[in-house]
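Fold and geometry: a report
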Amino acid sequence: MYKATVNVTLRKSILDPQGKAAHNALKNLGLNEIEQVRIGKLIELDIDAENKEEAHKVAETACSKLLANEVMEDFEIEIHEN
């Protein structure tokens, strides 16, 4: 059994209004050191696979078909033994 951790973020070329709002709120709190905020999503998948490579393929298929919009979003997958 493997656990896939998937980090989905908007592509750099896509405006992130939620990140912009969070950035403005952080500046209002006096956190002026923060120069940019991008909001994404973290997805965890428990995958029953024979090996790490197979688990990665399953997670990648799940991202490509449903979990990420590849036109607007990028994703990174990390596989951990459960």
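Now for a description of the structure that goes with this document. All values derive from a computational prediction rather than experimental measurement.

Grouped together as the largest cluster of nonpolar side chains are 16 residues, with contacts concentrated most on Val6, Leu45 and Ile77. Counting residues per element, the ones that place at least two in this core are strand S1 (2-10), strand S2 (40-47), helix H2 (52-67) and strand S3 (73-81). The residues contacting Ile77, other than those within four sequence positions of it, are Ala4, Thr5, Val6, His56, Ala59, Glu60 and Cys63.

This paragraph deals with the sheet that holds S3. Strand pairs in the sheet, formed through backbone hydrogen bonds, run parallel or antiparallel to each other. Taken in spatial order, the three strands make up an open sheet running S2-S1-S3, and their pairing is antiparallel. Sheet topology places S2 and S3 at the edges, where each strand pairs with a single neighbour. If you compare each strand with its neighbour and ignore which way they point, the axes differ by 20° on average. In this sheet, S2 lies alongside S1 in antiparallel orientation, the contact comprising eight bridges. The residue bridging Asn7 from the neighbouring strand is Leu42, located in S2. With respect to the sheet, H2 is in contact with S1, S2 and S3, its orientation differing from that of S3 by roughly 150°.

Before going further, it helps to examine the environment of Asn24. With respect to the helices and strands, the residue Asn24 is situated in helix H1 (residues 17-28). It is 26 Å that separates the C-alpha atoms of Asn24 and Ala68, two residues lying 44 residues apart in sequence.

Before going further, it helps to spend a moment on H2. Over its 16 residues, H2 runs only 20 Å from end to end, short of the ideal 22 Å by more than 12%, given 1.5 Å per residue. Along H2, the positions that sit buried rather than exposed are Ala55, Ala59, Cys63 and Leu67. The arc that holds every buried residue of H2, seen down its axis, measures 75°, which confines them to one face. For H2, the exposed residues lying more than 90 degrees away from the buried face are Glu53, Lys57 and Lys65.

A cluster of nonpolar side chains, Leu29, Leu31 and Ile34, forms an exposed patch at the surface whose accessible area comes to about 270 Å². Along the chain, Leu29 falls in the loop between H1 and S2. By relative accessible area, Leu29 is classed as exposed at 67%.

What counts and what doesn't
- Residues numbered from 1 in each chain as written.
- Predicted model: local features only at pLDDT ≥ 70, side-chain atom pairs only at ≥ 80, totals over all residues.
- Heavy atoms only, no water.
- Core = buried A, V, L, I, M, F, W, Y, C linked by side-chain atoms within 4.5 Å.
- Buried < 20%, exposed > 50% of the residue type's maximum accessible area, 1.4 Å probe, protein only.
- Helix = DSSP H or I, 4+ residues; strand = E, 2+ residues; numbered from the N terminus.
- Contact = heavy atoms within 4.5 Å.
- Pairing = 2+ DSSP bridges.
- Axes fitted to C-alpha atoms, helices over the stretch in contact; angles between N-to-C directions.
- Expected span 1.5 Å × (residues − 1).
- Arc of directions from axis to C-beta.
- Patch = residues over 30% accessible without salt bridge, like charges linked within 9 Å, V, L, I, M, F, W, Y side chains within 5 Å.
- Areas by Shrake-Rupley, 256 points an atom, 1.4 Å probe, with all protein chains shown as cover.
- Salt bridge = Lys/Arg side-chain N within 4 Å of Asp/Glu carboxyl O.

These figures capture arrangement, not role.
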